[in-house]
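Notes for the structure review
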Amino acid sequence: MKMKLHLLIAVIPALLLAACGDDGVPKVEDPHNIVVDGQKMTQTDFIKKYCSGKANNETCMRVLQAKQQDSTRGVMPKW
């Protein structure tokens, strides 16, 4: 009985940590040029697909910040 209790005490926290660690948002190398599973993706598409309801996710925050930065860049006029 003691052995089962010790095993249970060790397994429950491990399961809880595993459940919290993966929220389905893939990591991206460059939030300005997103590639997921070898496929290029726009920042807007990435946010719609992976970041709905996950505002505190680090990757989502980086992509959103990059999107805001990119939206303020204008096209340089050619003289």
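Below or above, wherever it landed, is the structure these notes cover. Treat the numbers as computed from the prediction; the structure is a model and nothing was measured. (Residues numbered from 1 in each chain as written. Predicted model: local features only at pLDDT ≥ 70, side-chain atom pairs only at ≥ 80, totals over all residues. Heavy atoms only, no water.)

**Some thoughts on the packing of aromatic side chains**
How two aromatic rings sit relative to each other is set out by the distance from centre to centre and by the angle between their planes. Evaluation of the coordinates by the stated rule reveals 1 aromatic pair. A centroid spacing of 5.0 Å and a plane angle of 45° characterise the contact between Phe46 and Tyr50, whose relative ring orientation is tilted. Here Phe46 and its partner Tyr50 are both found in helix H2 (residues 43-50), 4 residues apart, which amounts to about one turn of the helix. For the pair shown, Phe46 and Tyr50 are each scored as buried. (Phe/Tyr/Trp six-rings, centres within 6.5 Å; stacked < 30°, edge-to-face > 60°. Helix = DSSP H or I, 4+ residues; strand = E, 2+ residues; numbered from the N terminus. Buried < 20%, exposed > 50% of the residue type's maximum accessible area, 1.4 Å probe, protein only.)

**Here we look at the state of the cysteines**
One pass over the structure, following the stated rule, counts 1 disulfide. Shown here is the disulfide that connects Cys51 with Cys60, its sulfur atoms set 2.1 Å apart. When the S-S torsion is -90°, as for the bridge of Cys51 with Cys60, the disulfide is left-handed. Each of the two residues, Cys51 as well as Cys60, counts as buried. (Disulfide = S-S within 2.5 Å.)

**Brief notes about the environment of Val25**
Its location among the elements puts Val25 in the loop between helix H1 (2-21) and strand S1 (34-36). A sequence separation of 34 residues divides Val25 from Thr59, and the C-alpha atoms of the two residues are 7.3 Å apart. Dropping the residues within four chain positions of it, Val25 is found in contact with Phe46, Tyr50, Lys54, Asn57, Thr59 and Cys60. (Contact = heavy atoms within 4.5 Å.)

**Details of helix H3 (residues 58-71)**
The end-to-end C-alpha separation of H3 is 20 Å, in line with the 20 Å expected for 14 residues at 1.5 Å each. All buried positions along H3 are accounted for by Thr59, Cys60, Val63 and Ala66. The arc that holds the buried residues of H3, viewed along the axis, is 130°, so those residues lie on one side. Buried positions along H3 lie against S1 and H2. You can read the cap of H3 off the contacts: a side-chain oxygen lies 2.8 Å from the backbone nitrogen of Thr59, and it is on Asn57. (Expected span 1.5 Å × (residues − 1). Arc of directions from axis to C-beta. Polar contact = N/O pair within 3.5 Å; in protein donor to acceptor, adjacent residues only side chain to side chain.)

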